[in-house]
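For reference, the chains in residue letters:
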Amino acid sequence: MKDTFDEKSDRQRWMSTLARAAEGRVSALLDAAMPRPGFTWLRAPEIGSTMVRGRAGGTGAPFNLGEMTVTRCALTLENGAVGHAYVQGRRKADATAAALVDALMQGPEAAQIRAAVLDPLIAEHAAKTKTRAAKAAATKVEFFTMARGED
Amino acid sequence: MYVAVKGGERAIESAHTWLAEERRGPTEIAELSIPQIREQLKLAVDRVMAEGSLYDPDLAALAIKQSRGDLIEAIFLIRAYRTTLPRFGHSEPVDTGAMACDRRISATFKDLPGGQILGPTFDYTHRLLDFKLAAEGETPEAATQEADEARVPHVTGFLNREGLIEEAPQDDTPPPDLTREPLEMPASRALRLQALTRADEGFTLGLAYSTQRGYGRNHAFVGELRIGSVPLDMDIPELGFSIEIGEITLTECETVNQFTGSKTQPPQFTRGYGLVFGQSERKAISMALVERALRWEELGEDFEGAPAQDAEFVLYHADNIQATGFLEHIKLPHYVDFQSELELVRKLRREAGADQVQEAAE
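Not measured: the values here are computed from a predicted model.

1. Here we look at the overall build of chain B
Move 1: Helix and strand content of chain B: 13 helices and six strands.
Move 2: In terms of overall dimensions, chain B is more spread out than a globule: its C-alpha atoms have a radius of gyration of 26 Å, far above the 21 Å expected for 362 residues.
Move 3: Contacts spanning at least 24 positions in sequence make up 64% of the contacts within chain B whose residues lie at least 6 apart.
Move 4: With an accessible surface of roughly 21,100 Å², chain B has 56% of that area assigned to carbon and sulfur atoms.
Move 5: Taking the 37 positively charged and 61 negatively charged side chains of chain B as two groups, their mean positions are separated by 3 Å.

This is the structure we're talking about:
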């Protein structure tokens, strides 16, 4: 089985947070926090796919379920920090912003970026998940047994 | 024989501009936007993603708009686009046990850990046309209730604990990929699952129904049906670790089927499996039934000659793009082929003396 979230490194966690952010959110939060630093491309944003796999019976041997669109890019900041991004969908602007945040998180701006970008994204994702779970919970069947007296 | 091969260009161009005009329809009616299709015709979008074999709701919505709602045409557009994408890698196999379930029901256990969650279902609706939808302005709001955040266990998991059902032990054999190598027989289970998850919903439904009616019957119960989102982890080779690159909605159906047993093995239920992109429970249940029927050989059952048991028949006819491609090509010009047939029939008729028979009749 896959590793649980807690076993992941800090960088894995923030890259995941950036990848699943809603469209435009990483850019909006980053631009509100600071002017964008200068950078050069290691790999300009590129759209491709990843093959999604499932397991037979949910837990058995893997099989190919179908592909999903993915955008990736990599860049270097002027201070030499390298940022990578892989995000779901065809979202070059979001991948660029995510790679910038990834690079900034490795430098002196980390604390500022964490507070201004990552924490709000985590809260937004948690709120979205919670709202959906609450709607599902309201459709949970509460069985009760009718009392049938024998007398 | 001289056959005119030029001259259609102007007609084709006019046909295409007329198609574009018809697609748009009367301009006094508002144009559909991609987000409207994506959010309000979500189940059509899900079907196009599942059978187009590419998870991207915006592209599926665009394909539906472009195809004027012809879903097989939309699937065709998605399949064609898919081939233009470089492949960056593959995901870790999804952990459906970690699904944030919108819906999770079991037809085999009433009180199961995690509960029966109905979700946004058409079940229990009266299937009467709702004329309120024809009037504008409804923005209904769903009820909410505090949710517990525990992982929802699979039903087969607790049947497994008693040894009552065959296990699906983890195995990490890299699966074959029918988008890279042609589908050849005999097809492994992994290949059958890949072919079935992108198979035409109608074809899969018809075959699944045939098993229920007795053609390869396997007594399926829906052990569990769940719909919800799962995180998708992908290994990033240049970084040497995996990250969660997104979340996708899946529908999973696990069936509990008639048992097998032998002198060495006590009787056990068997299983069928369906897993499909998006919210498509009809497809997922159908897939599980057909998948189970195709397992007859590995489970030591008899081949009854039922269509759903015949892997070659099922897998070679389940893909609606292959099928429609071959079917629809017969409407394209076959003038030369037909000329040769025509010549042949005339010759045979001459030889049979048909001309004289015709003359005599007149």
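On we go from here.
2. Section: the interface of chain B and chain A
Move 1: With 75 residues of chain B in contact, the opposing surface of chain A contributes 57 residues.
Move 2: On inspection of chain B and its partner chain A, the count reaches seven salt bridges.
Move 3: Viewed at the interface, chain A and chain B are joined by 37 residue pairs in polar contact (both at pLDDT 80 or more).
Move 4: Looking at which element gives the most residues to the side of chain B that touches chain A, the answer is strand β5 (residues 241–260) of chain B, with 11 residues.

3. Quick look at the sheet that holds strand β3 (residues 100–105) of chain B
Residues and elements named next belong to chain B.
Move 1: Pairing is antiparallel in the open sheet, where four strands are placed in the order β3-β4-β5-β6. Bordering the open sheet on either side are β3 and β6 (268–277), each of which pairs with just one other strand. Averaged over all neighbouring strand pairs, the angle between strand axes comes to 30°, with direction disregarded.
Move 2: As defined by bridge partners, β3 adjoins strand β4 (residues 221–236) across five bridges and the pair is classed as antiparallel. Counterpart to R103 in the pairing with β4 is I227.

4. Comments concerning the packing of helix α5 (residues 71–82) of chain B against helix α11 (residues 320–328) of chain B
The description of two helices packed together rests on the angle between their axes and the distance between the axes.
Residue and element names in this part refer to chain B.
Move 1: Direction vectors running N to C along α5 and α11 enclose 110°, while the axes themselves pass 10 Å from each other. Here α5 lies roughly perpendicular to α11, going by the angle between them. Listed contacts from α11 to I72, I75, F76 and R79 of α5 are N320, I321 and T324.
Move 2: The residue inventory of the contact of α5 with α11, partitioned by class, reads four nonpolar, two polar and one charged.

5. Some points on the layout of surface pockets
All names here are of chain B.
Move 1: By volume, the second largest pocket is sized at about 400 Å³.
Move 2: The wall of the second largest pocket is formed by 13 residues, among which L43, F122, S280, E281 and R282 lie closest to the centre.
Move 3: Mapped onto the lining of the second largest pocket, the elements with two or more residues apiece are α3 (42–52) and α9 (281–293).
Move 4: Top contributing element to the lining of the second largest pocket by residue count: α9, with three residues.
Move 5: Residues that form the lining of the second largest pocket fall into these classes: three nonpolar, three polar and seven charged.

6. Observations regarding the domain arrangement of chain B
Residue and element names in this part refer to chain B.
Move 1: The domain architecture assigned to chain B consists of domain 1 (9–82) and domain 2 (96–119 + 152–168 + 181–324).
Move 2: Here domain 1 and domain 2 have C-alpha centroids that lie 29 Å from each other.
Move 3: Of the residues lining the interface, 13 residues belong to domain 1; the matching set on domain 2 comes to 17 residues.
Move 4: A combined buried area of about 1,400 Å² lies between domain 1 and domain 2, and 57% of that area is made up of carbon and sulfur atoms.
Move 5: Per-residue buried area on domain 1 facing domain 2 is highest for E51, Y55 and R79; these three make up 41% of the total on that side.
Move 6: Here domain 1 and domain 2 share two salt bridges between them.

7. Remarks on the pairing of strand β3 (residues 82–88) of chain A
Residue and element names in this part refer to chain A.
Move 1: Summarising burial for β3: six of the seven residues are buried, a large majority.
Move 2: Note that strand β2 (residues 62–77) and β3 share seven bridges and pair antiparallel. The residue of β3 that forms the bridge with A74 is H84.
Move 3: Counting the residues in the hairpin turn of β2 and β3 gives four residues, including G80, whose phi is positive at 95°.

8. Brief notes about the environment of B:G214
All names here are of chain B.
Move 1: Within the secondary structure, G214 sits in the loop between α8 (201–212) and β4.
Move 2: Among the residues examined, G214 registers a relative accessible area of 31% and is labelled partly exposed.
Move 3: C-alpha separation for the pair G214 and Q36, spaced 178 residues apart in sequence, amounts to 42 Å.

9. A look at the pattern of salt bridges
Move 1: Evaluated as defined, the whole model comprises 42 salt bridges over all chains.
Move 2: A salt bridge links A:R91 to A:D94, with the nearest nitrogen and oxygen atoms 2.9 Å apart. We note that A:R91, like A:D94, is buried.
Move 3: Note that B:E298 and B:R295 form a salt bridge whose closest N and O atoms lie 2.9 Å from each other.
Move 4: One connected set of salt bridges, linked through shared partners, spans A:R43, A:E46, A:R72 and B:E238.

10. Overview of the packing of aromatic side chains
Move 1: One pass over the structure, following the stated rule, counts five aromatic pairs over all chains.
Move 2: For the pair A:F39 and A:W41, a centre-to-centre distance of 4.9 Å together with 75° between the ring planes defines the contact as edge-to-face.
Move 3: Overall, the relative accessible area of 29% leaves A:F39 in the partly exposed class.
Move 4: Look at A:Y86 and B:F88: their rings are 6.3 Å apart centre to centre, the planes differ by 85°, and that puts the pair in the edge-to-face class. Here the residue A:Y86 occupies a position in strand β3, and B:F88 occupies one in strand β2 (residues 87–90), the pair thus bridging two chains. Taken individually, A:Y86 and B:F88 each receive the classification buried, so the pair is uniform in this respect.
Move 5: Cation over ring: A:R72 sits above B:F88, and NZ or CZ is 3.7 Å from the ring centre.

Cut-off values and rules
- Residues numbered from 1 in each chain as written.
- Chains lettered and ligands numbered in written order.
- Predicted model: local features only at pLDDT ≥ 70, side-chain atom pairs only at ≥ 80, totals over all residues.
- Heavy atoms only, no water.
- Helix = DSSP H or I, 4+ residues; strand = E, 2+ residues; numbered from the N terminus.
- Rg over C-alpha atoms; globule rule 2.2 N^0.38 Å.
- Contact = heavy atoms within 4.5 Å.
- Areas by Shrake-Rupley, 256 points an atom, 1.4 Å probe, with all protein chains shown as cover.
- Lys, Arg positive; Asp, Glu negative; His and termini not counted.
- Charge placed at Lys NZ, Arg CZ, Asp CG, Glu CD.
- Salt bridge = Lys/Arg side-chain N within 4 Å of Asp/Glu carboxyl O.
- Polar contact = N/O pair within 3.5 Å; in protein donor to acceptor, adjacent residues only side chain to side chain.
- Pairing = 2+ DSSP bridges.
- Axes fitted to C-alpha atoms, helices over the stretch in contact; angles between N-to-C directions.
- Parallel < 35°, antiparallel > 145°, perpendicular 65-115°, else oblique.
- Nonpolar A, V, L, I, M, F, W, Y, C, P; charged D, E, K, R; others polar.
- 1 Å grid on protein atoms, 1.4 Å probe; cavity = no way out; pocket = protein on both sides within 12 Å on 5 of 7 lines; lining within 4 Å.
- Points joined across faces, edges and corners; volume = space filled by probe spheres on them.
- Domains from an automatic or database assignment.
- Buried area = accessible area lost by both parts, 1.4 Å probe.
- Buried < 20%, exposed > 50% of the residue type's maximum accessible area, 1.4 Å probe, protein only.
- Phe/Tyr/Trp six-rings, centres within 6.5 Å; stacked < 30°, edge-to-face > 60°.
- Lys NZ or Arg CZ within 6 Å of the ring centre and 35° of its normal.

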